Amino acid sequence: MTVDSDTTIDQTSDTAARPARRGVWSLLRPLVLRLHFYAGVLVAPFLLVAAVSGGLYALSPQVERVVYADLLEAPSVASSARVPLAEQVAAATKVSTVRGLVAVRPAPEGGTTRVLFDDGTMAESYRHAVFVDPTTGAVLGQEKVYGTSGSLPVRSWIDQLHRSLHLGEVGRLYSELAASWLWVVALGGLTLWVARARARRSARALLVPESGARGRVRTRSWHGALGVWLVLGLLALSATGLTWSRLAGENVTELRSRLGWSTPALVTTTASAPAAGATGGHADHGASTGGTHGVDAGDIDKVLAAARAADITSDQVEIGLPAGAGATWTVTEVHRAFPTAVDAAAVDPATLAVTDSVRFADYPFMAKLARWGVDIHMGVLFGLPNQIALAGLAMGLVVMVVLGYRMWWQRRPTTAARWRPGPAIRRGGLRALPWPGLVAVALVAVIFGVFLPLLGISLLAFLLVDLVLAAYLRRAIRAR
């Protein structure tokens, strides 16, 4: 079969004139690269602060035990006999500088009893603790404590630095911004690095920095390889950090409620009392301010015995006094290390009978996962190994941020631009997408922007900055 030469030439020319069909990744890569660049440059300072303060918090329990050893360790550890809990409470009440007895934490093995007060004037989740030697009943001292962990001032100061920069509710937005963008930066970087390794057909290039590389290539190699090793930990930090963030946290709570993933609630009203709410989830971060409400605090030993009979067996429990008329005592396990012990029981103050109980074993799986995730984030689930892993992850994130800024610096075009960082990644990623891809990207951005409000607001800000810079550059070019 023969083909006319003119036809052959026309077909060849027509084929050459048509652009090669581009794959999905080749279309998305410029967009992912530019988003990774902007997020890295503009959000990295927040990530840096969160990493440093989070790493400090991970190691703070050891610091706390040294600084407050006189309060946390019972001097009379040689004795196995204990003073009745009611007598310890009475001794603490006499000397406490804050009124309003709300809860008691009996001494764990080798530790001290905490008698907790709140007169309604303290900040949210803070209480006043009087520390008592359980074997002698002697008061060892008083301090302000924070949250379910019972953090003392040094540790709670680091906690608030990590959580809000000591700026209150407004400051919490910084940590939420960091958590909202961390997963985007991590997954975007991972996608770019995996695509590069696939193009080179080298698994080693994915996991190990290039040997012999110099300059920006060397920096990028270390940045990418380190990111692969850290990515799962960074995603876990992002997800768990968002669960108690200010804006996204409300959406997470609502989603858990709709899907039946909420923590089961303990009924804390007696049968004869009108329903007055329940406790559960993160409610234990706060404290009732109602005092004893006429309840005899001398019954506390009997209340604990009733809870023990109902299989509240952990040596780390908090006994909450009734929060008002018709309310029950509550005995809640506060042992956060694995295996998790957070069972709770309600005890009728009139009959001293257990009226309700909640077992961790009965939690929905996602509620258990949320509990474990929070405890891993705080470094308590697996003890010292958990703390070391968090500190290492924080240090790794700091190195990643520094390497990222160094790459930006090394992109400067000439040695004459010595004191200027490199230019931004080239624009045009959105314009290159076909309309179905553009619609898909916009839809994903809107969904995540609504669920993670700070992510959506900051992404919109990035786009506006990008448009302003583009307009400025166009005007500068025309003016030449």
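The structure under discussion appears in the preceding block.
Residues numbered from 1 in each chain as written. Predicted model: local features only at pLDDT ≥ 70, side-chain atom pairs only at ≥ 80, totals over all residues. Heavy atoms only, no water.

J.: Can you help me understand the overall build of the protein in this one?
T.: Helices and strands together make up the secondary structure of the protein, namely 15 helices and 10 strands. A fraction of 61% describes how many contacts in the protein between residues 6 or more apart in sequence connect residues 24 or more apart. (Helix = DSSP H or I, 4+ residues; strand = E, 2+ residues; numbered from the N terminus. Contact = heavy atoms within 4.5 Å.)

J.: Just to check I follow, could you spell out the pairing of strand 10 (residues 354–358) for this structure?
T.: Residues in a regular strand point their side chains to alternate faces of the sheet. Across 4 bridges, the pairing between strand 9 (residues 344–347) and strand 10 is antiparallel. Each residue of the ladder has a partner; that of V347, found in strand 10, is V354. The antiparallel pairing of strand 9 with strand 10 creates a hairpin that spans 6 residues between the two strands, and L352 there sits at a positive phi of about 60°. (Pairing = 2+ DSSP bridges.)

J.: So what exactly am I meant to see when it comes to the environment of L173 here?
T.: Position of L173 relative to the elements: it lies in helix 7 (residues 168–200). Residue classification places L173 among the partly exposed positions, given a relative accessible area of 27%. C-alpha of L173 to C-alpha of R163: the two residues are 10 residues apart in sequence and 8.9 Å apart in space. For L173, the contacting residues outside a window of four places in its chain are R246, L247 and L454. (Buried < 20%, exposed > 50% of the residue type's maximum accessible area, 1.4 Å probe, protein only.)

J.: Teacher, can you tell me more about the sheet that holds strand 2 (residues 113–117) here?
T.: For sheets, the rule is that strands pair by backbone hydrogen bonds, running either parallel or antiparallel. Taken in spatial order, the 8 strands of this open sheet run 4-3-2-1-7-8-9-10, and their pairing is antiparallel. Since the sheet does not close on itself, it has two edges, and those belong to strand 4 (139–146) and strand 10, each with one partner. Between one strand and the next, the sheet's axes are offset by a mean angle of 20°, whatever the strand orientation. Across the face of the sheet, helix 5 (residues 85–95) comes into contact with strand 1 (101–105), strand 2, strand 3 (126–132), strand 4 and strand 7 (317–320) while running at roughly 50° to strand 2. Along the sheet, helix 6 (residues 153–164) makes contact with strand 3 and strand 4, crossing strand 4 at roughly 5°. (Axes fitted to C-alpha atoms, helices over the stretch in contact; angles between N-to-C directions.)

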